[in-house]
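Each chain, letter by letter, is given below.
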Amino acid sequence: MSLNPKTVHREFFGLPGAIGITLGLPTLITFFELVTNEKYSVQGINLDLDTIANQIPSFAELKQYAFDSNCWKAYLTWFFGLVVLDFILPGKRLQGVALRDGTKLTYKINGLAMSGCLLGLIAARVYASEDYYLPELAFLYANKLSLILVSTLFSFFLAVFVYVCAFIPLRTANGKGTSERILSINGNSGNPIYDWFIGRELNPRIGSWDIKLFCELRPGMLLWLLINLSCLHHQYHTTGTVTDSLILVNALQAFYIFDGVLNEEGCLTMMDITTDGFGFMLSFGDLAWLPWSYSLQARYLALPENKLVLGRLAISAIVTLHFVGYYIFHSSNKQKSDFRQGKLDHLNFDSIKTHTGSKLLCDGWWGLSQHINYLGDWFIGWSWCLPTGFQTPLTYFYVIYFGTLLLHRQVRDEDKCRQKYGKYWVEYEKRVPYKIIPYLY
Ligand code: NDP
């Protein structure tokens, strides 16, 4: 079999889907900003289309926002500042899963040093500030619309860069001849727009620096943390107080962000790293979609007319939901990972041994449903939306979007596993019939 087989099945309805997502999702995050930006927003986010239509900036205005030189300088400093830190901060070296040519890539895992460095920097800035005023956070809050457009354009150019690089042959170790790059199974259709969107090369790298892992957990995730903080900062400096709802959203999402960054080695076995190519879908998803759509709740709560005080009872209920979700999400992912590494052999868990040598766990969390980890993750999503109260469905966008993403991911993963494990997967489905929610679906 060839190292890089031609893509036969196209995701997202092929080219029309790729074009639709490329145009639609940047428009959606821009829309979110227009309805949560004090300059444009309608009182309390009234989704009256006529009122919104009257407030949409003209094309010329949007162009000005998209090419604001200060915002480009700020974004490039942020992105390449993190690249430099990624290079210099120490970390352990871990190997990823075996690739189709039998080799394994080595990844530098320095999430702990990176988080410490960023938190130290924020703490130092707060300490040196007068009345907790941080000009960087004020700049971020005031320029959200520009920064959305800038990060979207940047992700577009990055996707073009990795797409073009995917055609440049790699030099072999002794410098003679060339060797083939490993392409994504989904991104070798031959249609340039589709392959650019879905990601042609599986693991684009500059030397040993892995662009995909860096984008997955650094510039977007950490920008999300800063956007949330900028909302808190804005509320404090405009009203003199901070509400418990906004503190709660900041705290729960910061917990999730640091959990992801600190457990980055878990990423090495995730579908994004092992199977998906790096194209516009992931580049935009990591750099623009994630920070600017996941911060919607904080941006909504930061608007003066949406100030919301929850009280202890509501906070306790939401925090409980969050930690129940987190417990399911974390312990099920850990159980699968420990099981696969042979750390749970003494527990004699029920499992199916497949022809590939891998075992499919049918016990513990993984006896309840095929993706019980998705359910925990979805509960966490609810705990981020509930602090916004029930004034608008807009702030519940995340749980609807994420539920759809997880359903789609489950179908993709099932297709992959059915192909990989054949009759063993059929046996597994008999033993564990529910896909995500035990006894329901
Ligand atoms: P899973 O962690 O469920 O991993 C699926 C893979 O695990 C399969 O492809 C298969 O791989 C292996 N596997 C499946 N069933 C079993 C079993 N019974 N026993 C042993 N191995 C099995 O999926 P994801 O990688 O999609 O998700 C990982 C986590 O990331 C989830 O908790 C998810 O919620 C979260 N996530 C969060 C996102 C966000 O934006 N917040 C986005 C996407 C995911 P193999 O080929 O090795 O057998």
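Rules and cut-offs
Residues numbered from 1 in each chain as written. Predicted model: local features only at pLDDT ≥ 70, side-chain atom pairs only at ≥ 80, totals over all residues. Heavy atoms only, no water. UniProt positions renumbered as here; feature names shortened; annotations may be inferred. Phe/Tyr/Trp six-rings, centres within 6.5 Å; stacked < 30°, edge-to-face > 60°. Helix = DSSP H or I, 4+ residues; strand = E, 2+ residues; numbered from the N terminus. Buried < 20%, exposed > 50% of the residue type's maximum accessible area, 1.4 Å probe, protein only. Lys NZ or Arg CZ within 6 Å of the ring centre and 35° of its normal. Salt bridge = Lys/Arg side-chain N within 4 Å of Asp/Glu carboxyl O.

In the nomenclature of an unreviewed UniProt entry, the chain is known as Delta(14)-sterol reductase of [Candida] anglica. Recorded in UniProt for the chain, the comment headed Sequence similarities (unreviewed entry) runs: "Belongs to the ERG4/ERG24 family."

With that settled, the discussion passes to the packing of aromatic side chains. Counted under the stated rule, the structure contains 41 aromatic pairs. Relative to Phe 329, the ring of Tyr 326 lies with its centre 6.3 Å away and its plane at 50 degrees, an arrangement referred to as tilted. Of this pair, Tyr 326 and Phe 329 both sit in helix 15 (residues 312-340), separated by 3 residues, roughly a single helical turn. Its relative accessible area of 15% is what places Phe 329 among the buried residues. Cation over ring: Arg 10 sits above Tyr 194, and NZ or CZ is 5.4 Å from the ring centre. It is Arg 200 that lies over the ring of Phe 167; its NZ or CZ is 3.9 Å from the centre.

A word on the pattern of salt bridges. The final tally for this structure, using the stated rule, is 18 salt bridges. Residues Asp 210 and Arg 205 are paired through a salt bridge, measuring 2.8 Å at the closest nitrogen-oxygen approach. Residue Asp 210 is classed as buried on the basis of its relative accessible area of 6%. Here Asp 338 and Lys 343 are joined by a salt bridge, their closest N and O atoms 3.9 Å apart. Judged by relative accessible area, which is 11%, Asp 338 ranks as buried. For Lys 343, a relative accessible area of 48% corresponds to the partly exposed category. In this structure, a network of salt bridges that share partners links the residues Glu 414, Arg 418, Glu 429 and Lys 435.

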